[in-house]
Amino acid sequence: MDALEQSLIDGFVEEAGPLRVALRAGVTALQDNAIDARALGELTEALEVLSRNAGFLELEALEALCRDTIRLIDRLDTEGPMIAGLLVEALVAAEEAIEGLSHYVINMPVAAGIAPRLAAALGRPASVPLAGSDLSPEAQIALLGSNGGGSDDLLVLGLDYEDEDDDEDDAVAPPAPAPALMELERVEVVEGPISDEIADFLPDYMAESDEIVERLDEQLVRLEEDSDDAALLNDIFRGAHTLKGTSGFLGLTQVADLTHKMETVLDQLRNGELPLTQDLMDVLLRAMDDLKLLLRDIRGGTLVRRDVDAVRRDLVSLAAGDRPALPLPAVPVASAAAPAEAPAPAGSAPAPPASPTREPDQIIRVDVERVDQIMNLAEELVLGRNRLLQLNAQLGRTTAEGSLLSMLSEATGQMEMLTGELQESVMSMRLVPVARVFSRFPRMVRDLARDLGKEVELTLDDGDTKIDKSVADEIGDPLVHLVRNAVDHGIESREQRIAAGKAERGRVKLAASHEGNHVILRIEDDGAGMDPEVLKAKAVERGILRPDEVEQMADHDAWDLIFAPGFSTAEAVTDVSGRGVGMDVVKTNISRLHGTITIESELGVGTRVMVRLPLTLAIIGGLQVACGDEVYIIPLTSVLEAVTINNDQVEIVQGRRAVISRGKVMPLIDLAATLGTPVSPDRAVHYVVIVGLAERRVGLLVERLLGQVDVVIKPLGQVIGAAAGIAGATILGNGDVALILDLGDLIDSLDESVNQDNASSARCTSEAAGTPLRRQ
Amino acid sequence: MTVKASNTIPARDSTGESDLRVITVRVGNELLCLDILSVVEIVRTADLRMTRVPNAHTNVLGVVNLRGKVLPVLDLGGCLGQPAHGARERLVVVEMGSSIAGLSVDEVAKVVSISRSDLGESVTARGHHGTPLTVAGHIMTFIDVGTVVAAAGGG
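All of these numbers come straight from a predicted model, not from anything done at the bench. The written sequence of each chain sets the order in which its residues are numbered from 1. Going through the entries in the order they are written, you letter the chains from A and number the ligands from 1. It should be noted that, the model being predicted, local features are given only for residues of pLDDT at least 70 and side-chain atom pairs only at 80 or more, the latter also being counted only at that level, while totals for whole chains, interfaces and linings use all residues. As a rule here, side-chain values cover all heavy atoms of the structure and leave hydrogens and water aside.

## Things to note about the overall build of chain B
Put simply, the test is: Numbered from the N terminus, helices here are DSSP runs of H or I no shorter than four residues, and strands are runs of E no shorter than two. A simple rule labels every residue: compare its accessible area, found with a 1.4 Å probe on the protein chains alone, to the largest value its type can have, and call it buried under 20%, exposed over 50%, or partly exposed in between. Should any heavy atoms of two residues lie within 4.5 Å, those residues are considered in contact. Using a 1.4 Å probe, accessible areas were evaluated by the Shrake-Rupley method; residue-level cover was limited to the displayed protein chains.
The number of helices and strands found in chain B is 3 helices and 11 strands. Listing every helix and strand of chain B by position from the N terminus yields α-β-β-β-β-β-α-β-β-β-β-β-β-α. In chain B, which comprises 155 residues, the share counted as buried stands at 49%. Considering only contacts in chain B between residues 6 or more positions apart, those separated by 24 or more positions represent 59%. Surface exposure of chain B reaches about 7,400 Å², of which carbon and sulfur atoms provide 51%.

This is the structure in structure tokens:
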């Protein structure tokens, strides 16, 4: 804005001073219902001056607002209370526009927002019987354009773009005598990469927005269940309001506009002007979807104009279209409530865009990277401590210097304790509530159930558990698959449920709980359950297993079949009523997180899936094992048990070694052979470490067990690239580098070699599913 | 070791215009030189305990603990197509972008300056890229660390 423009605005604001007084007096008089002809005359005069001056400055939105308001005053005689509320709003909007101008804010969202409603009121005899006015087609369209202005806020779009004025043109400036008629005001979008000055605010903005959107989704679904919850409705309103404020502040006009429209509807809902209907909920939820799209663009760093007009139109028609259906007195009463508060903010500086809901809590936002940095340092410290402990132990064996040694070991002990605590604190900094992972599900289940025509009740029980951010980020998708399967394939159709004597409403439960260093996630449904026989038959039909292989298969092994690659095609899913879609993905993701997954199902009663995940991934407990001279580390989170076996306990099954443990045949992986370790002379006794990953259970044949150790996974780096079976490296207490085993890789290699061995026989992934193997 | 050697490349190096400081190393019977800017340090192999990485490329000798960092070690001779050989007494620790690696060599000779213009067309021999040149009366090959490592390890 140049100096000339500034001085013009200064002049305008100065001249507008007395006019504002007149406007305010008018507002008070209207509210007190004590307006007389003289006051109206003064008001009209003030508005005329204002309109002229605004026209001079090419502030078309304000000019139009003034002119329309004058027209409205002319009709006050005939229509009285019907338009009094709107008139008050218009006057407040004009007043706010002047206030904004005194801060050189030339955007007039409130003025622009109210314009369509003014237009509608001026040319709408059908809904509000107006004497002597015609119903023009434009006016009908204007009904759609009306987006209310019931909120009591001052939206400050702090960034004034040149083209904002054009926006006002499009939105408000009347092309003909007919005032401000258009279908939907265009939202001016600055397309392209997000500018640097905004980019600085972006991380905070995204973090806050994501949180709000997540919460809104969940709250909206809750609202649908309990429409009387006023506090909840208020929360939702505030969420939308906050989002609108911050988005507007950053010039993210599309988000600001959409949230503004949502807010309008929510406000009317809050004031009892709109009934909470299914349609309304649908529109709001669709708006949420569009909002997510817009936010995704912003996160990507590029602003794109997205077509969200369908939802915008529905929102504004909700806000406007449903109004006339309401008892007439409700309009002035409700509208009058807004200006009662409005003059206060109008008189003060523009309301800050900051969220009014932000509690003065004790939370700071920290970039994950910084936490990771501290984490790395803590990890190094752990390694240092390990080394110190080891040296201490060696010293104790070799030196006799008693008192010095005990002091050293005392100091080391303290260091150990502190390191442990530091490590724990840093780790806890990265923990996020599981509730946040869960928050997306109410919405998802609701939509899915509606699509499928089922009634499904979702119960969430996060058990106050927390989980590392990296785990939380990764587990979302697998959970989506599992929950979707529960609703889609688990819960039967209404008819089937009734026929089975079950409650019409299916139940899906999502629960989390702690167990040592693990979080257990359970997805339960009271659906049809999975029929092991059908699964087996399907496996045979698909050529995954041979008929003789499935004969002796236990039920739990049959359920695991759904993880077998090739088992889950769309066809299989519907036929088997089994969970198929994406189970491969589920399995892969969970393996990557060093988690396990187990399925229990009872025919006709339901299915329960349990996912067990480590709390954190960065520093893990490891079991040190040795093969020859080489030391390897098995992630402790995957270790189920370690047993000793004699050579004669090793069975040869399908050309592979296997061992029977607790009644289950467990394929064996000979670590030394797989990793090409120089072979040591055969021993009579071996150790078998039984590990579980996702749904698989295998035994690792090792030479010795060396004990447990905390390790920090360091990647091998690009130079080495992928080394099959190796997940990374760590540095041991003695300074040596030890490699951490990638169990997923090792198990996969087992499948490959089996497939190669049995190239001629039917494709066999029986080991993959942990099923009993055929004896040779 | 860091003595600047006189070399057969005429006086132009004293102008300093397009000088390239290289470190010359011996691998088997071959003399090689690498841009000194890519070299981080040189360590004695004997001070380190190597951990073999199973199933990795044959030129990957293993990983070592270099002051708390896990450093991958490549056999430079192997990268250049030489048969496996003995000594490998030194590790030249090189940096390429964000990755770091140790290249095992038999001997680190000296640091010399050469002129960029003396580096002619690179030739491809035995599967690796290098530029032959004469330094201090010896014929040696200038190798690009990034290319060699990429060809040997992950690539």
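## Topic: the overall build of chain A
Within chain A, the regular secondary structure consists of 28 helices and 20 strands. Within chain A, buried positions represent 51% of all 776 residues. Taking as baseline every contact in chain A between residues at least 6 positions apart, the subset at least 24 positions apart corresponds to 74%. For chain A, the exposed surface amounts to about 33,800 Å²; the carbon and sulfur share of it is 52%.

## Observations regarding the sheet that holds strand S6 (residues 506–515) of chain A
All names here are of chain A. Worth spelling out the cut-off: In this description, strands pair whenever DSSP reports at least two bridges between them. Only the contacting stretch of a helix is used when fitting its axis, a line to C-alpha atoms as for every element, and angles between N-to-C directions run 0 to 180 degrees.
Taken together, the 5 strands give an open sheet; going across it, the order is S4-S6-S7-S9-S8, and neighbouring strands pair in mixed fashion. Looking at which strands have only one partner, the edges of the open sheet turn out to be strand S4 (456–461) and strand S8 (596–602). The average undirected angle you get between the axes of adjacent strands in this sheet is 15°. Together, S4 and S6 form the strand contacts of helix H19 (residues 441–452), whose direction differs from that of S4 by roughly 170°.

## Things to note about the interface of chain B and chain A
Selection rule: Buried area, as used here, totals the accessible surface that two parts lose on assembly, with accessibility defined by a 1.4 Å probe and the loss added over both. Salt bridges, as used here, are contacts in which a Lys or Arg side-chain nitrogen is within 4 Å of a carboxyl oxygen on Asp or Glu.
Contact residues are listed per partner, giving 24 residues for chain B and 23 residues for chain A. A combined buried area of about 1,800 Å² lies between chain B and chain A, and 58% of that area is made up of carbon and sulfur atoms. Area buried by chain B at its contact with chain A is led by Arg52, Asn55 and Val70 of chain B, which between them contribute 30% of it. If you look at where chain B meets chain A, you find 2 salt bridges. Asp736 of chain A is the partner of Arg49 of chain B in a salt bridge, and the nearest nitrogen-oxygen pair spans 2.3 Å.

## A few points about the packing of aromatic side chains
For clarity, the cut-off: Classification of ring pairs rests on two measures: the distance between centres of Phe, Tyr or Trp rings, Trp counted by its six-membered ring, which must be within 6.5 Å, and the angle between planes, read as stacked under 30 degrees, edge-to-face over 60 and tilted in between. In this scheme, the term charge over a ring applies when either NZ of a lysine or CZ of an arginine sits within 6 Å of the ring centre and within 35 degrees of the ring normal.
This model, assessed by the stated rule, comprises 0 aromatic pairs over all chains. When the ring centre of Phe237 of chain A is taken as origin, the NZ or CZ atom of Arg270 of chain A, which lies over that ring, is 3.7 Å away.

## Notes on the nonpolar core
When a protein is soluble and globular, its nonpolar side chains tend to lie buried together. Note the following rule: Residues enter a nonpolar core if they are buried and are Ala, Val, Leu, Ile, Met, Phe, Trp, Tyr or Cys, with the set joined through side-chain atoms within 4.5 Å.
Judged by nonpolar contacts, the single largest core of 61 residues is most densely connected at Ile634, Leu671, Val689, Leu700, Leu716 and Leu741 of chain A together with Leu76 of chain B. Ignoring anything within four residues of it in the chain, the contact list for Val689 of chain A reads Leu623, Val625, Ile634, Val639, Glu641, Ala642, Val698, Gly699, Leu700, Val702 and Leu705 of chain A. If you look at the next biggest cluster of nonpolar residues, it comprises 52 residues, including Val432, Leu458, Val550 and Phe563 of chain A.

## Considering the sheet that holds strand S4 (residues 60–66) of chain B
Residues and elements named next belong to chain B. Taken together, 5 strands build an open sheet; the order of strands is S3-S6-S7-S5-S4 and the sheet is mixed. Of all strands in the sheet, those with a lone pairing partner are strand S3 (39–44) and S4, marking the two edges. Taken over all neighbouring pairs, the strand axes of this sheet differ in orientation by 30° on average, direction set aside. The sheet contact formed by strand S6 (residues 90–96) and strand S7 (residues 99–105) spans 7 bridges and is antiparallel. Each bridged residue has a counterpart across the sheet, and for Glu95 the counterpart in S7 is Ile100.

## Regarding the pairing of S4 of chain B
All names here are of chain B. Among the 7 residues that make up S4, 6 are buried, leaving the element largely enclosed by the rest of the structure. The pairing of S4 with strand S5 (residues 69–75) spans 6 bridges and is antiparallel. For Leu66, the partnering residue across the bridge sits in S5 and is Lys69.

## Considering the environment of Ala93 of chain A
Tracing the backbone shows Ala93 of chain A in helix H4 (residues 81–102). Sequence separation between Ala93 of chain A and Ala115 of chain A is 22 residues; the distance between their C-alpha atoms is 9.7 Å.

## A word on the pattern of salt bridges
Oppositely charged side chains can pair when the atoms bearing their charge come close. Residue and element names in this part refer to chain A. Considering all chains together, one arrives at 39 salt bridges over all chains under this definition. Here Arg436 ties to Glu211 by a salt bridge, and the two come within 4.0 Å at their closest N and O atoms. With Arg436 in helix H18 (residues 434–438) and Glu211 in helix H9 (residues 202–225), this pair connects stretches of sequence that are 225 residues apart. Residue Glu211 is classed as partly exposed on the basis of its relative accessible area of 30%.

## Describing the packing of helix H10 (residues 230–249) of chain A against helix H11 (residues 253–270) of chain A
All names here are of chain A. Going by this rule: Here is the rule for angles: anything less than 35 degrees is roughly parallel, anything more than 145 is roughly antiparallel, 65 through 115 is roughly perpendicular, and the remaining ranges are oblique. By convention the crossing between two helices is left-handed if the near helix lies anticlockwise of the far one by an angle smaller than a right angle, and right-handed if it lies clockwise. Basically, the charged four are Asp, Glu, Lys and Arg, the nonpolar ten are Ala, Val, Leu, Ile, Met, Phe, Trp, Tyr, Cys and Pro, and anything else, Gly included, counts as polar.
It is at 8 Å that the axes of H10 and H11 come closest, and there the two elements cross at 155°. The orientation of H10 with respect to H11, classified from their angle, is roughly antiparallel. The two elements H10 and H11 meet at a crossing, and its hand is left-handed. Note on element contacts: H11 touches H10 through Val255, Ala256, Thr259, His260, Glu263, Leu266, Asp267, Leu269 and Arg270, opposite Leu233, Asn234, Ile236, Phe237, Ala240, His241, Leu243, Lys244, Ser247 and Gly248. Tallied by class, the residues present in the contact of H10 with H11 amount to 9 nonpolar, 6 polar and 4 charged.

## Quick notes on unusual backbone geometry
At His594 of chain A, a position not held by glycine, the phi torsion is positive, near 60°. By the secondary structure assignment, His594 of chain A is in the loop between helix H26 (583–592) and S8. Judged by relative accessible area, His594 of chain A falls into the buried class, the value being 17%. Of note in the backbone geometry, Asn55 of chain B takes a positive phi value of approximately 60° without being a glycine. In this fold, Asn55 of chain B is placed in the loop between S3 and S4. Residue classification places Asn55 of chain B among the partly exposed residues on the basis of a relative accessible area of 39%.

## With respect to the side chain of Gln624 of chain A
Residue and element names in this part refer to chain A. Residue placement: Gln624 occurs in strand S10 (residues 619–627). Here Gln624 falls in the buried class, since its relative accessible area comes to 14%. Discounting chain neighbours no more than four positions away, the residues touching Gln624 are Val631, Tyr632, Ile633, Arg704, Leu705, Leu706, Gly707, Val709 and Leu732.

## Some remarks on the side chain of Thr44 of chain A
All names here are of chain A. Secondary-structure assignment places Thr44 in helix H2 (residues 37–56). You can call Thr44 buried: its relative accessible area is 15%. Beyond its immediate chain neighbours, meaning those up to four positions away, Thr44 contacts Ile70 and Ile73.

## Some details on the environment of Leu315 of chain A
Residues and elements named next belong to chain A. Relative to the helices and strands, Leu315 resides in helix H13 (residues 309–321). Taking the relative accessible area as the measure of exposure, Leu315 reaches 0% and is therefore buried. The spatial distance from the C-alpha of Leu315 to the C-alpha of Glu263 is 9.5 Å, given a sequence separation of 52 residues. Residues contacting Leu315, with those up to four places away along its chain left out, are Leu258, Lys261, Met262, Val265, Val283, Leu284 and Ala287.

## Quick look at the confidence of the model for chain B
Residues and elements named next belong to chain B. Here is the rule we go by: Looking at any residue, its pLDDT shows the predictor's confidence there, from 0 to 100.
Looking at chain B as a whole, its pLDDT mean stands at 76, while 74% of the residues score no less than 70. No element of chain B has a lower mean pLDDT than helix H1 (residues 12–15), at 42, and none a higher one than S3, at 91. Counting contacts from residues 1–16, a segment whose pLDDT is below 50, to residues more than four positions away or on other chains yields 29 contacts.

## Description of the environment of Val605 of chain A
If you trace the backbone, Val605 of chain A turns up in the loop between S8 and strand S9 (606–614). Sequence separation of Val605 of chain A and Asp525 of chain A is 80 residues, and the distance between their C-alpha atoms is 8.4 Å.

## Considering the packing of H9 of chain A against H10 of chain A
Residues and elements named next belong to chain A. One way to put it is that H9 packs onto H10 with a least axis distance of 10 Å and a crossing angle of 150°. Between H9 and H10, the angle is such that the two are roughly antiparallel. Between H9 and H10 lies a crossing of left-handed hand. Across from Tyr205, Glu208, Ser209, Ile212, Val213, Leu216, Gln219, Leu220, Arg222 and Leu223 in H9, the residues of H10 making contact are Leu232, Leu233, Asp235, Ile236, Gly239, Ala240, Thr242, Leu243, Thr246 and Ser247.

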